[in-house]
Amino acid sequence: MSKTITPYKDSSLGKKEQVTQMFDNISGSYDGLNRVISLGIDVKWRRKVVALVSEKNPETVLDIATGTGDLAILMASTSAKKIVGLDLSSGMLEVGKEKIADKNLTDKIEMVLADSENIPFPDNHFDAITVSFGIRNFETLEKGLAEIYRVLKPNGIFVILETSVPTKFPFKQGYNFYTKLILPVIGKIFSKDNNAYGYLSESAANFPFGETLNNILRKISFIECKAMPQTFGVATIYTATKK
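Now for a quick tour of the structure. (Residues numbered from 1 in each chain as written. Predicted model: local features only at pLDDT ≥ 70, side-chain atom pairs only at ≥ 80, totals over all residues. Heavy atoms only, no water.)

**Focus on the environment of Asn 194**
One can find Asn 194 in the loop between helix 7 (171–190) and helix 8 (196–206). Asn 194 sits in the partly exposed class, given a relative accessible area of 49%. (Helix = DSSP H or I, 4+ residues; strand = E, 2+ residues; numbered from the N terminus. Buried < 20%, exposed > 50% of the residue type's maximum accessible area, 1.4 Å probe, protein only.)

Here you go:
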């Protein structure tokens, strides 16, 4: 990333603390607003992630930057006996815990307040690890990826779902118009945090994607790195594994 993007330009806090504050602020409206912003397509993308993980028949799954637990809940349809949702935001986790309880999944899904750059689990612990729309919020991308590599079992699957930038006309122009002008306005209308959705669109535009992100994964020692653009390139699913 060419520069560090943070939610609050005038804050003296580091990126990690600012991101935590931002998600605590928007936790109550996050799910509904995401459905509006993505026109519901994000659910389809998450189901593709679940299908990729399910093929590996995992017993243990870690969902990093789990937020309100959407992907962790979907993972309950896999063979996994234990699913851990990890996030820095206690506000997002509390919303997620309520959703998990409503679906009677408390015995299978555990929500953990922790830092993705200091994961509180031993080496080679999880069969599958996922991150959906959270990897660009890491304060230090390579440190977070190295932690993920550490706790992933050899031959385990790592799947990322993240926003990316379309490169072909007219999708590139339409994406730029929507993210720079429309998305922040929607965020301000529906969210009490005026900075949040401006940050989310700006961070998406500046985050490395495609082969650039694959090369970062390879630098960490991940192998079999693959990028699969979704919906004209507005998002990308990445898969990788550990030697």
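**Some remarks on the sheet that holds strand 1 (residues 60–64)**
Read across the open sheet, the 7 strands follow the order 3-2-1-4-5-7-6; overall the sheet is mixed. Edge positions in the sheet fall to strand 3 (109–113) and strand 6 (223–230), since each of these pairs with one other strand and no more. Strand after strand, the sheet turns through a mean of 15° between neighbouring axes, direction not considered. Note: strand 2 (residues 82–87) against strand 3, 5 bridges, orientation parallel. (Pairing = 2+ DSSP bridges. Axes fitted to C-alpha atoms, helices over the stretch in contact; angles between N-to-C directions.)

**Some words on the pattern of salt bridges**
Under the counting rule described, the total for this entry stands at 15 salt bridges. Residues Asp 115 and Lys 16 are paired through a salt bridge, measuring 2.7 Å at the closest nitrogen-oxygen approach. With a gap of 99 residues between them, Asp 115 in the loop between strand 3 and strand 4 (126–132) and Lys 16 in helix 1 (residues 15–26) connect regions that are remote in the sequence. Note on Asp 115: relative accessible area 17%, which makes it buried. Classification of Lys 16 by relative accessible area gives buried; the value is 16%. (Salt bridge = Lys/Arg side-chain N within 4 Å of Asp/Glu carboxyl O.)

Take it as geometry only, folks, not as evidence of what the structure does.
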